[in-house]
Amino acid sequence: MFKSFFHWKVLVNLLVALAVFAGLVWLTFRWLEFHTNHGEEIPVPNVVNMTVHQAIKVLDDSGLEYEVDSAQYNPVYKPFQVLMISPSPGSHVKGGRTVLLKVNPRTWAKVAVPDIIDRYKGLAFNQLNLVGLKVGDTLYEPSIQRDAVLRILYQSRPIKPGELLPKFSSVDLVIGSGPMRNVTIPNLVGRTVQEAKKIIAQNLFEVGIVEYEDGKTDESAIIYYQDPAAGALRDQGMQIDLWASKKTPAEMFNKVKELDLMYRPKVDTVAPPPIRYEEVDFDQPAAPVRVVPKPKPTPKPQGEKKPQTTTTKPTTTSSDKKPATTEKPKEKKKVIVE
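About the criteria used
Residues numbered from 1 in each chain as written. Predicted model: local features only at pLDDT ≥ 70, side-chain atom pairs only at ≥ 80, totals over all residues. Heavy atoms only, no water. Salt bridge = Lys/Arg side-chain N within 4 Å of Asp/Glu carboxyl O. Helix = DSSP H or I, 4+ residues; strand = E, 2+ residues; numbered from the N terminus. Buried < 20%, exposed > 50% of the residue type's maximum accessible area, 1.4 Å probe, protein only. Pairing = 2+ DSSP bridges. Axes fitted to C-alpha atoms, helices over the stretch in contact; angles between N-to-C directions. Contact = heavy atoms within 4.5 Å. Patch = residues over 30% accessible without salt bridge, like charges linked within 9 Å, V, L, I, M, F, W, Y side chains within 5 Å. Areas by Shrake-Rupley, 256 points an atom, 1.4 Å probe, with all protein chains shown as cover. Phe/Tyr/Trp six-rings, centres within 6.5 Å; stacked < 30°, edge-to-face > 60°. Lys, Arg positive; Asp, Glu negative; His and termini not counted. Polar contact = N/O pair within 3.5 Å; in protein donor to acceptor, adjacent residues only side chain to side chain.

*Asks:* Looking at this structure, how should I read the pattern of salt bridges?
*Replies:* Any two side chains of opposite charge can pair, so long as their charged atoms come close to each other. This structure, assessed with the given rule, holds nine salt bridges. Note that arginine 151 and glutamate 141 form a salt bridge whose closest N and O atoms lie 3.2 Å from each other. Here the residue arginine 151 occupies a position in strand 8 (residues 149-154), and glutamate 141 occupies one in strand 7 (residues 134-141), the gap between them amounting to ten residues. On the accessibility criterion, arginine 151 (35% relative accessible area) is partly exposed. For the salt bridge of aspartate 260 with arginine 264, the shortest nitrogen-to-oxygen distance reads 3.5 Å. You can call arginine 264 partly exposed: its relative accessible area is 31%.

*Asks:* Please explain the sheet that holds strand 13 (residues 206-212) as it appears in this structure.
*Replies:* Two orientations exist for strands paired in a sheet by backbone hydrogen bonds: parallel and antiparallel. Taking strand neighbours across the sheet as the criterion, the three strands line up as 13-16-14 in an open arrangement whose pairing is mixed. Single-partner strands in this sheet number two, and they are strand 13 and strand 14 (222-227). Averaged over all neighbouring strand pairs, the angle between strand axes comes to 30°, with direction disregarded. Both strand 13 and strand 16 (residues 239-245) contribute to a ladder of five bridges, which runs parallel. For glutamate 206, the partnering residue across the bridge sits in strand 16 and is glutamine 239. Its contacts with the sheet place helix 5 (residues 193-202) against strand 13, strand 14 and strand 16, and it is angled at close to 165° to strand 13.

*Asks:* Can you help me understand the sheet that holds strand 2 (residues 65-70) in this one?
*Replies:* With respect to topology, three strands assemble into an open sheet ordered 2-5-3, the strand pairing being mixed. Bordering the open sheet on either side are strand 2 and strand 3 (82-86), each of which pairs with just one other strand. For this sheet, the mean angle separating the axes of adjacent strands, direction not counted, is 25°. In the packing of helix 3 (residues 52-62) onto the sheet, the strands contacted are strand 2, strand 3 and strand 5 (98-103), and the crossing angle to strand 2 comes to about 160°.

*Asks:* Sorry if this is basic, but what is going on with a nonpolar patch on the surface here?
*Replies:* Judged by side-chain polarity, Val12, Val16, Val20, Leu24, Trp26 and Leu27 come together as a nonpolar surface patch covering roughly 600 Å² of accessible area. Checked against the element boundaries, tryptophan 26 lands in helix 2 (residues 8-35).

*Asks:* I tried to follow the packing of aromatic side chains on my own but got confused; where do I start?
*Replies:* How two aromatic rings sit relative to each other is set out by the distance from centre to centre and by the angle between their planes. Under the criterion given, the structure shown has three aromatic pairs. Residues tyrosine 225 and tyrosine 263 carry aromatic rings whose centres are separated by 6.5 Å and whose planes lie at 45° to one another, so their mutual orientation is tilted. Linking tyrosine 225 in strand 14 with tyrosine 263 in helix 6 (residues 253-263), this pair joins segments that are 38 residues apart in sequence. For tyrosine 225, a relative accessible area of 3% corresponds to the buried category. Every member of this aromatic cluster is reached through a ring pair, and the members are Tyr225, Trp243 and Tyr263.

*Asks:* Where do I start with unusual backbone geometry in this structure?
*Replies:* Among all residues save glycine, negative phi is the norm, and among peptide bonds the norm is trans. Residue serine 86 is joined to proline 87 through a cis peptide bond whose omega torsion reads 0°. Take proline 87: it is sitting in the loop between strand 3 and strand 4 (92-93). Omega for the peptide link from aspartate 227 to proline 228 comes to 5°, which places this bond in the cis form. Assignment of secondary structure puts proline 228 in the loop between strand 14 and strand 15 (233-234). One non-glycine residue with positive phi stands out, namely aspartate 147, at about 65°.

*Asks:* What's the story with the side chain of aspartate 172 in this structure? I'm lost.
*Replies:* One can find aspartate 172 in strand 11 (residues 170-176). Lacking a salt bridge, the buried aspartate 172 has arginine 151 as its closest oppositely charged neighbour, with an N-O distance of 11 Å. There is a polar contact of 2.9 Å between the side chain of aspartate 172 and the backbone nitrogen of aspartate 137. Apart from residues lying up to four places away in sequence, aspartate 172 is in contact with Gly136, Asp137, Arg151, Ile152 and Leu153.

Right under this line is the structure:
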């Protein structure tokens, strides 16, 4: 067996196989050196502070690939200015190597507008500041939602929540100033229910009860009665009740009378006649006083007569008499009898 292994033919085959393997390995490395430009390196050019267009042209001339990425906006540098390059300038790389460029964007990165519709204005201001947006003007308009955000404006145009805006942009807010007082109620009689609801919303009132004569909801029914009445003064936000029918208001005359008795009863506003006060002149003689005679007492029944006793009064002398004094008659009070 060992003799056959060391036969010259076997040794020749082994030598041939080794030679072929070594040749293939040598050819593979040579091909790799040729394909990868082994030993040939290119210095990375310094394109920092150039514009991105200038940097791309320099890299193309050097045989290098490039990839552009935006950094965080820095207002100190110009838009589209190259801030950094990787690998660093002066490094030796092979031809075709990709170089990363960090470029200053044209403006701040965009942020989404938060949903602040119908939110209290203080909360809305905080949410805008958190995402990096500034509050410009605050515009007030009548609304039953006092101090609530109604609309968002950017450059005088309305925008919706979720729209992307550059960071640190200024947005204007339309805020409700609260309901107005003593607003005239519009006339809705003769209009359809659909038209009446639209007019009520435009005047910032609320739709109250809508009663249909036939009990079927139909927006094309005609309003024949409303409460409060047209022309009345009410605060915005109050409800307006409606009565609708397929008939005309003239055909619903009797029903309107019934509703008037229920919702608008007549109140007697006639004032009593004024009281007259007359001045009395005390210098004029008073009217005679009518004296009513007193009724005579009824006589008592006569009984037994008591014996009368006579008493003698002492006589008085002229010296004991006092001189008579004349008294002035008292002035009678004047009595006025109406």
